[in-house]
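Given next are the chains, with one letter for each unit.
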Amino acid sequence: MTAELRAEPRPAAPAKPPAKPASRRKAEPAEPARPAQDGPSRRRGRPRLISPLTLRILAVNVLAALLLLGGLLYLGQYQQRLINAELDALTVEGRISAAALAEGAIEPGYDEFADGLPELSFELGRQMVRRLVETTDTRTRLYAATGELVADSRVLGGPQGTVQIEPLPPLPDSSPLTQLGRDIYDRVVNAVPGREHLPRYPMNMEADATRFPDVQKALAGEVGRGVWRIDRGDGTEDMLLTVAVPVQRFKQVLGAVYLSRTGREIDEAVRQVRMDMLKFSGIALAVTVLLSIYLARTIARPISRLAEAADEVRHGHGRQAVIPDMSRRHDEIGDLSVALKDMTAAIWDRMDAIERFAADVAHEIKNPLTSMRSAVETVQRVKTDEQRSRLLAIIHEDVQRLDRLISDISNASRLDAELSRAQAQPVDLRALLEWLAGLHDETICREDEGGDGDPAVPKKPKVRVELPPPSGRAGDLTVPGIEGRLTQVFQNLVSNALSFSPAGGLVLLSARAWPDRVEVTCADQGPGIPEAKLDAIFDRFYSERPKSEAFGKHSGLGLSISKQIVDAHGGRIFAENIKDADGAVQGAQFTVVLPR
């Protein structure tokens, strides 16, 4: 296909009506209309109260914070260190008590040199046990070597009349609301697995030493330690720490001191740490929620606005819908808004181009049809064969013109789809331009050499290529593109230049390489281009041909298609006149700029 440039004015055609815009012809559909897309179209409904994206952001951030908080609240190692420290303190206290009982609770009148082995005095043991625990809250029991319970700090009196002492719970030192929080905390802590591995303390078998493994260990001469769980009576459980220390005199085990203390102080220390952590975690959680909501609003709300605007563009009947401009955000959402605005503008431009193309096609097709109709109507009225032959020749030319026009329009309409599907490949413009020049020399210029040497026969114009040396960056003329379509562009330019060059003239193809682009120029020695038409020559169906060329040989789509191909490659094409020092036009030059 050749490019079109300057052409003589059309001769007057008979019965040519004024041009009217293309009209759409209604036709009954042969089958029901199918949807434009494969899946069902989902139209946005009412705005949601809470965006799903907001919920997801909240879930991710809050879940991470709660998992971290749960791990911190466990405090297993911290609690175990407190238990070990408390057991160590009980062990020291038990050793002191055992040493005191070994010295002061022996039967009166015992002589270690005359009486043999010492014996433990039960009465002295009870008195000393009560004196030893006066300043502590530790329950102390004394067992004989036989396992018999001798003394218990919680029991007053002797075997015939005893009074059991049960310590009262401490009075609440806080407000009812704080106490309610403590009760809830205790129930939650007891509900969480953590003390099930501890043995239950035998409340109803306290007098039987065989039920306490640590006491049995102490009666064997070793220190026994134990951690138990004990019921409070209100459905919750406490921790009980016990230590059994042997009462020894000269390595002889006289009995065992059994000390027990609740772990309420440990629980209180752990509770205090957890409460402090809960306070700070609550603040951190509130800040996390607020920041998550802010983050979600900065992401979800703009996306929702863009989706609503896109939905308005999709379902609207006019161009009132405007994509919100968020380019000042300088982030991905800003880039998305710019992309949507550009895409919407490109869609409207494409629709406008389709409408203009349809109108232009209708107008261009109407011209030969009008000429044919006039000729057909006239041929019935002519009387001579000469006039009839002339009219039939006009009809034949109009049919050829119409066929050529329809073929060019079909090629132009398929061009967009082909350019969008094809993949860009490296194209060597050096080889392409040299091939075009060689093709002209072998096929066209051979006609001059094959003549009889008659100087009266005008010589056809020649094509010459001027390219930089192939070495170095300046000689690299490779660009990404579609080779077949770029070949079509330069063929159009060369054919156009040859049609306007005088006999024996020269068409010059040259190229220059820049770091970011390659420029290719095609210059002829023709009459040039009217200054007012330097931009119009790229319009669709614009045709201006040499005066010697018959009218209707070209459709006026060549340069328009060339511009369309160059634009699809991200480049640009423009025309200018070549002038001498005096300003006289010496020819026309087309420049194609393609990005590297």
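Residues numbered from 1 in each chain as written. Predicted model: local features only at pLDDT ≥ 70, side-chain atom pairs only at ≥ 80, totals over all residues. Heavy atoms only, no water.

## Quick word on the overall build of the protein chain
A count of helices and strands for the protein chain gives 12 helices and 14 strands. The 596 residues of the protein chain split such that 36% are buried. When the accessible surface of the protein chain is summed, it comes to about 36500 Å², and 56% of that surface belongs to carbon and sulfur atoms. (Helix = DSSP H or I, 4+ residues; strand = E, 2+ residues; numbered from the N terminus. Buried < 20%, exposed > 50% of the residue type's maximum accessible area, 1.4 Å probe, protein only. Areas by Shrake-Rupley, 256 points an atom, 1.4 Å probe, with all protein chains shown as cover.)

## Some points on the pairing of strand β13 (residues 572-579)
In regular strands, side chains alternate between the two faces of the sheet. Inspection of the sheet shows β13 paired to strand β14 (residues 585-595) by 8 bridges, in the antiparallel sense. Residue Lys-579 lies in a different strand from β14, and its bridge partner there is Val-585. Between β13 and the antiparallel strand that follows it, β14, lie 5 residues; Gly-583 among them carries a positive phi value of about 90°. (Pairing = 2+ DSSP bridges.)

## Overview of the sheet that holds β13
Pairing within the open sheet is mixed, and its 5 strands lie in the order β9-β11-β12-β14-β13. Looking at strand neighbours, the two that pair on one side only are β9 (462-466) and β13, the edges of this open sheet. Between one strand axis and the next, the sheet turns through 20° on average, direction left out of account. Sheet topology note: the strand β12 (residues 517-523)/β14 ladder contains 7 bridges and is antiparallel. Counterpart to Arg-517 in the pairing with β14 is Pro-595. (Axes fitted to C-alpha atoms, helices over the stretch in contact; angles between N-to-C directions.)

## What about the packing of aromatic side chains?
For the coordinates displayed, the defined rule picks out 6 aromatic pairs. Seen from their ring centres, Tyr-201 and Phe-212 are 5.8 Å apart, and the 40° between their planes marks the pair as tilted. Of this pair, Tyr-201 sits in the loop between α4 (176-191) and α5 (213-219) while Phe-212 sits in the loop between α4 and α5, and the two are 11 residues apart along the sequence. Of the two residues, Tyr-201 and Phe-212, both sit in the buried class. Pairwise contacts between aromatic rings join Tyr-143, Tyr-201, Phe-212, Trp-228 and Tyr-258 into one cluster. Positioned above the aromatic ring of Phe-212 is the side chain of Arg-141, whose terminal nitrogen or guanidinium carbon lies 5.8 Å from the ring centre. (Phe/Tyr/Trp six-rings, centres within 6.5 Å; stacked < 30°, edge-to-face > 60°. Lys NZ or Arg CZ within 6 Å of the ring centre and 35° of its normal.)

## Overview of the packing of helix α11 (residues 483-500) against helix α12 (residues 558-568)
In the contact formed by α11 and α12, the axes pass within 9 Å of each other and the chain directions differ by 140°. In this structure, α11 crosses over α12, and the sense of that crossing is left-handed. For the pair α11 and α12, the contacting residues are Arg-485, Gln-488, Val-489, Asn-492 and Leu-493 in the first and Gly-558, Leu-559, Ile-561, Ser-562, Ile-565 and Val-566 in the second. In terms of residue class, the contact of α11 with α12 is made up of 6 nonpolar, 4 polar and 1 charged. (Left-handed = near helix turned anticlockwise from the far one by under 90°. Contact = heavy atoms within 4.5 Å. Nonpolar A, V, L, I, M, F, W, Y, C, P; charged D, E, K, R; others polar.)

## Observations concerning helix α2 (residues 76-104)
Its 29 residues place the ends of α2 42 Å apart at the C-alpha level, agreeing with the 42 Å of an ideal helix rising 1.5 Å per residue. Along α2, the residues classified as buried are Gln-79, Ile-83, Glu-86, Leu-87, Leu-90, Thr-91, Glu-93, Gly-94, Ser-97, Ala-98, Leu-101 and Ala-102. Elements in contact with the buried residues of α2: α3 (122-132), β1 (139-144), β5 (224-231), β6 (237-249), β7 (252-262) and α6 (264-315). (Expected span 1.5 Å × (residues − 1).)

## Concerning the environment of Gly-76
Within the secondary structure layout, Gly-76 lies in helix α2. When the C-alpha positions of Gly-76 and Val-270 are compared, they lie 9.6 Å apart, and in sequence the two are 194 residues distant.

## Points about a nonpolar patch on the surface
Where nonpolar side chains cluster on the molecular surface, the patch consists of Ile-283, Val-287 and Leu-291 and spans about 280 Å² of accessible area. Along the chain, the position of Ile-283 falls in helix α6. (Patch = residues over 30% accessible without salt bridge, like charges linked within 9 Å, V, L, I, M, F, W, Y side chains within 5 Å. Salt bridge = Lys/Arg side-chain N within 4 Å of Asp/Glu carboxyl O.)

## Some remarks on the nonpolar core
What tends to happen in soluble globular proteins is that the nonpolar side chains get buried as a cluster. Ranked by size, the top nonpolar core spans 45 residues in total, and within it Leu-429, Phe-490, Leu-493, Phe-590 and Val-592 carry the most contacts. Per-element tally for this core: the top contributor is α11, with 7 residues. Judged by nonpolar contacts, the second largest core, of 29 residues, contains Ala-102, Ala-105, Leu-198 and Val-243. (Core = buried A, V, L, I, M, F, W, Y, C linked by side-chain atoms within 4.5 Å.)

## Here's the deal with the pattern of salt bridges
On inspection of all chains with the given rule, the structure shows 18 salt bridges. Among the ionic pairs, Glu-93 bridges to Arg-261, the shortest N-O distance being 2.9 Å. Pair noted here: Glu-93 is in helix α2 and Arg-261 is in strand β7, with a separation of 168 residues, a long-range link. In this structure, Glu-93 and Arg-261 share a single accessibility class: buried. Salt bridges sharing common partners tie together Arg-512, Asp-516, Arg-517 and Glu-519.

## Points about the pairing of strand β2 (residues 149-152)
Relative to β2, β1 runs antiparallel, the two being bridged by 3 bridges. The residue bridging Tyr-143 from the neighbouring strand is Leu-149, located in β2.

## A short note on the packing of α2 against α3
Packing of α2 against α3 brings their axes to within 10 Å, and their N-to-C directions diverge by 145°. Our pair here, α2 against α3, has a crossing hand that is right-handed. In this structure, α2 contributes Ser-97, Ala-100, Leu-101 and Gly-104 to the contact, and α3 contributes Leu-124, Gly-125, Met-128 and Leu-132.

## So, the sheet that holds β6
Strand order across the open sheet formed by 5 strands is β2-β1-β7-β6-β5, with antiparallel pairing between neighbours. Each edge of the sheet is formed by a strand with only one pairing partner; in this case those strands are β2 and β5. Across the sheet, the mean angle separating the axes of adjacent strands is 25° when strand polarity is ignored. On top of the sheet, α6 reaches β6 and β7; it is set at about 135° to β6, its chief contact.

## Comments concerning the confidence of the model for the protein chain
Chain-level pLDDT for the protein chain is 76 on average; 75% of the residues reach the 70-or-more range. Between residues 1-41, whose pLDDT stays under 50, and residues either more than four places distant or in other chains, the model counts 67 contacts. (pLDDT = per-residue confidence, 0-100.)

## Topic: the environment of Leu-509
When you line up the elements, Leu-509 lands in strand β11 (residues 506-513). For the pair Leu-509 and Leu-436, spaced 73 residues apart in the sequence, the C-alpha separation amounts to 9.6 Å. Leave out the neighbours within four places in its chain, and Leu-509 touches Leu-433, Val-463, Arg-464, Val-465, Glu-466, Val-494, Thr-521 and Cys-522.

## Thoughts on the side chain of Arg-249
Here Arg-249 lies in strand β6. You can call Arg-249 buried: its relative accessible area is 15%. Reaching out from Arg-249, the side chain makes a polar contact with the side chain of Glu-103 at a distance of 3.4 Å. (Polar contact = N/O pair within 3.5 Å; in protein donor to acceptor, adjacent residues only side chain to side chain.)

## Side note on the environment of Glu-123
By the secondary structure assignment, Glu-123 is in helix α3. Separated by 16 residues in sequence, Glu-123 and Glu-107 have C-alpha atoms that sit 9.2 Å apart.

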